[in-house]
Amino acid sequence: GNFDLETENAVKRLQLNNKLTSDGIVGNKTWDVINTLYGNLADCILNNDDNNYDDEYFNYTVISGDTLYSLARKYNTTVSEIKKLNNLTSDILRIGQVLKIPNNNNYILYTVVRGDSLYAIARKYNTTVMAIMNLNNLSSDFLSIGQVLKIPTNNDNNYSDNYFNYTVISGDTLYSLARKYNTTVSEIKKLNNLTSDILRIGQVLKIPM
């Protein structure tokens, strides 16, 4: 609760890294970035209560500003999975509501872009077409732009305990990758020893997990 000079400087660095006005003021946009990249600071999910976790999900207490979409992005899952796990028939959440959030540690989410195919995606993430189809319950290899796929992350050649490899495509920026994979620009740059924000198509980056 003590917003001192050190905290203010940390906020300014966060704003600068995420292309916000670096004024040290935690307004709505800055708070959204904090929620997106680091998780809600009022979370109760990091306590040691064994009743708060099991192998398939953990309990999360809804706070102001939460939506099913923001929680799905934050915890690497989908709106439909959260609704199914909690038997929800509506997207409306209430403050203080306790939700079960799936523990999805064995895959990442990938949004299909123009030109993608299951074969290309499988090669990019060092997995197989069949593994992707099985994980997503696909009956054909047809993909649509904007479709969200689960990509297996259990292949030791492409992943470690701390990161996975990502191949840069047209339109990628460090900022867009940081938002997409729930990390920060500075963390990606540090992990890849980058001194510039410039990316090139085909470049392989380590993305923190």
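First, a word on scope: everything that follows refers to the structure included in this document. (Residues numbered from 1 in each chain as written. Predicted model: local features only at pLDDT ≥ 70, side-chain atom pairs only at ≥ 80, totals over all residues. Heavy atoms only, no water.)

Topic: the overall build of the chain
Basically, it comes down to this: Think of it this way: any DSSP run of H or I at least four residues long counts as a helix, any run of E at least two long counts as a strand, and we number them from the N terminus. Throughout this description, buried means an accessible area under 20% of the type-specific maximum (1.4 Å probe, protein chains only), exposed means over 50%, and partly exposed covers the range between. Here, residues are in contact when the closest pair of their heavy atoms is within 4.5 Å. Accessible surface is estimated by sampling points in the Shrake-Rupley manner with a 1.4 Å probe; for residues, cover comes only from the protein chains shown.
What the chain contains, in helices and strands, is eight helices and six strands. When the helices and strands of the chain are placed in sequence order, the string is α-α-β-α-α-β-β-α-α-β-β-α-α-β. Across the 209 residues in the chain, those meeting the buried criterion constitute 38%. In the chain, the share of contacts with a sequence separation of at least 24, taken over all contacts with a separation of at least 6, comes to 53%. As displayed, the chain offers around 12,700 Å² of accessible surface, 49% of which is attributable to carbon and sulfur atoms.

Some remarks on the pairing of strand E3 (residues 107–111)
To be explicit about the condition: Between any two strands, pairing holds if DSSP finds at least two bridges.
With four of its five residues buried, E3 lies for the most part within the structure. As paired elements, E3 and strand E4 (residues 148–152) share five bridges and run antiparallel to each other. Looking at the pairing, Thr111 lines up with Val148 of E4.

With respect to the packing of aromatic side chains
This is how it is decided: Two aromatic rings from Phe, Tyr or Trp, using only the six-membered ring of Trp, form a pair when their centres are within 6.5 Å; if the ring planes differ by under 30 degrees the pair is stacked, by over 60 it is edge-to-face, and anything between is tilted.
Tallied over the full model, the rule gives two aromatic pairs. Here the aromatic rings of Tyr110 and Tyr125 are separated by 5.6 Å at their centres, their planes lie at 70 degrees, and the arrangement is edge-to-face. With a gap of 15 residues between them, Tyr110 in strand E3 and Tyr125 in the loop between helix H5 (118–124) and helix H6 (129–135) connect regions that are remote in the sequence. Considering the side-chain rings of Tyr125 and Tyr166, the 6.3 Å spacing of their centres and the 55 degrees angle between planes classify their relative orientation as tilted. You can see Tyr125 sitting in the loop between H5 and H6 and its partner Tyr166 sitting in strand E5 (residues 163–167), a full 41 residues away along the chain. As far as the burial class goes, Tyr125 and Tyr166 line up, both buried.

Overview of the pattern of salt bridges
Where we set the bar: By salt bridge we mean one thing: a side-chain nitrogen of Lys or Arg within 4 Å of a carboxyl oxygen of Asp or Glu.
Inspection of the entire model under this criterion finds three salt bridges. Salt-bridge contacts for Lys83 lead to Asp91; the nearest nitrogen and oxygen are separated by 2.8 Å. Lys189 is the partner of Asp197 in a salt bridge, and the nearest nitrogen-oxygen pair spans 2.9 Å.

A short note on unusual backbone geometry
Despite not being glycine, Asn87 has its phi angle at roughly 55 degrees, a positive value. Judged by its relative accessible area of 69%, Asn87 falls in the exposed class. Look at Asn193: it is not a glycine, yet its phi comes out positive at around 55 degrees. For Asn193, the location among the structural elements is in the loop between helix H8 (185–191) and strand E6 (204–208). Asn193 gets classed as exposed once you look at its relative accessible area, which sits at 69%.

Considering the nonpolar core
This is how it is decided: Working definition of a nonpolar core: buried Ala, Val, Leu, Ile, Met, Phe, Trp, Tyr and Cys residues. They are joined through side-chain atoms within 4.5 Å.
Ile121, Tyr125, Leu149, Ile151, Tyr181 and Leu205 are the most contacted members of the largest nonpolar core, which has 24 residues in total. Contributing elements (two or more residues each) for this core: E3, H5, H6, E4, E5, helix H7 (174–180), H8 and E6. Setting aside anything within four residues of it in sequence, one finds Leu205 in contact with Phe164, Asn165, Tyr166, Val168, Leu174, Leu177, Ile188, Asn192, Leu194 and Leu199. Phe58, Tyr60, Val62 and Leu99 belong to the second-largest nonpolar core, a separate cluster that totals 12 residues.

What about the pairing of strand E1 (residues 57–61)?
Within E1, four of the five residues are buried, which leaves it mostly tucked inside the rest of the structure. Sheet topology note: the E1/strand E2 (residues 98–102) ladder contains five bridges and is antiparallel. Counted as the bridge partner of Thr61 is Val98 from E2.

Focus on the side chain of Asp66
Heads up, the condition is: Pairing of N or O atoms within 3.5 Å defines a polar contact, subject to two protein rules: one partner must be a possible hydrogen donor and the other a possible acceptor, and residues neighboring in sequence count only if both atoms are side-chain atoms.
Within the secondary structure, Asp66 sits in the loop between E1 and helix H3 (68–74). A distance of 2.7 Å separates a polar atom in the side chain of Asp66 from a polar atom in the side chain of Tyr60. At 2.8 Å, the side chain of Asp66 and the backbone nitrogen of Ile63 are in polar contact.

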